[in-house]
Amino acid sequence: VCVAVEDTGSGMDEEEMKVLFQRFSGQRKKIQEYGGSGMGLFISKKLSILMHGDIAVESTKNEGSKFTLTVRCDPSSPSATITTTTSSSSSSSMINVSSASTSASGMVVEGGVSQPLSLGQQSHLSTGGDGGGGGAGRSCSLLIVEDNIVNQKVLRRHLELAGHTCEIAGDGLEAVQKFSSGCFDLIFMDIEMPRMNGVEATRIIRSIEQERSAGTVPEGSQCPIVGLSGNARQQHIDEAIQSGMQMFLIKPYNKQNILNVIDQLVPRR
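Residues numbered from 1 in each chain as written. Predicted model: local features only at pLDDT ≥ 70, side-chain atom pairs only at ≥ 80, totals over all residues. Heavy atoms only, no water.

1. Quick look at the overall build of the protein
Quick note on the threshold: To qualify as a helix, a DSSP run of H or I must reach at least 4 residues; to qualify as a strand, a run of E must reach at least 2; elements of each kind are numbered from the N terminus. We call two residues in contact when some of their heavy atoms are within 4.5 Å. The Shrake-Rupley method, run with a 1.4 Å probe, gives the accessible areas here. Residue values count only the displayed protein chains as cover.
The number of helices and strands found in the protein is nine helices and 10 strands. Long-range pairs, those at least 24 residues apart, make up 62% of the contacts in the protein with a sequence separation of at least 6. When the accessible area of the protein is evaluated, it comes to approximately 15,100 Å², of which 52% is carbon and sulfur surface.

This is the structure in structure tokens:
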């Protein structure tokens, strides 16, 4: 089976096409302008290969691109049936916690890595404490900086059900504006966003804090910023931590990870 999709968009040159199917490297400028994680074509390529096929691209700069998917399909018999099996997953997930290889005191919480751990173990690892409750019994003012509307709604729902109040910023520029005029206990900052990315927004927020405190920010008075990204490359993590983020969560993360981060970074009053 062969499926082709052709557009009349901006097109690509040879250098852009060489890295197009690599993870996280799909035209960084376009990712920042239009959003996305840079994983879509990498995953699609892998899936096509698993189906004994491939994805190819032809493109001309400023004229458009043509993507062609080919897969090998065996003919089905009229009596063929499809059986699906579902299993209820337990509350455990994959997580690993390690220090980022940078002089900044950042922590990296990775989802989908290493060995499965129970929620109790996750709480202990990400909070270094009793795993008691992700801010239970208190309400924090939180800023969610995320360009994906679905991710905004899911994260906001988790946090509001835990008793916290949330504001939403759709990109780094809006986050800087909201921080300048508001007061937050913690910021969840996506990294790859249009207009202004999370790293740049964090640097500006840290400079605003310095201006407010006449150049010296007292220890513990910084607003905690937690980076969110599906990009697990060490260079990406180091850049985020060095920009001034306290922690970095690799997507997909679960509700308990998020609540544990609040417990760890927001002082109890």
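Picking up after the structure, the text goes on.
2. With respect to the pairing of strand β10 (residues 247–250)
Here is the rule: Only protein chains enter the area calculation, which uses a 1.4 Å probe; residues under 20% of their type maximum are buried, those over 50% are exposed, and those in between are partly exposed. When DSSP finds two or more bridges between two strands, those strands count as paired. By definition, the crossover connecting two strands over a helix is right-handed if that path, from the first strand to the second, turns clockwise as seen with the strands pointing away from the viewer.
Side chains Met247 and Leu249 of β10 all project onto a buried face; the interleaved residues Phe248 and Ile250 project onto the opposite face, where all are buried too. As paired elements, strand β9 (residues 225–229) and β10 share four bridges and run parallel to each other. The residue bridging Val226 from the neighbouring strand is Met247, located in β10. Between the parallel elements β9 and β10, the chain passes through helix α8 (residues 234–242) in a crossover that is right-handed.

3. A look at unusual backbone geometry
Residue His52 is not a glycine yet carries a positive backbone phi of 60°. Tracing the backbone shows His52 in the loop between α3 (40–50) and β2 (54–60). Relative accessible area serves as the criterion here: at 63%, His52 is assigned to the exposed category. Of note in this structure, Arg195 is not a glycine but carries a positive phi near 65°.

Such coordinate-based values are descriptive only and should not be taken to indicate function.
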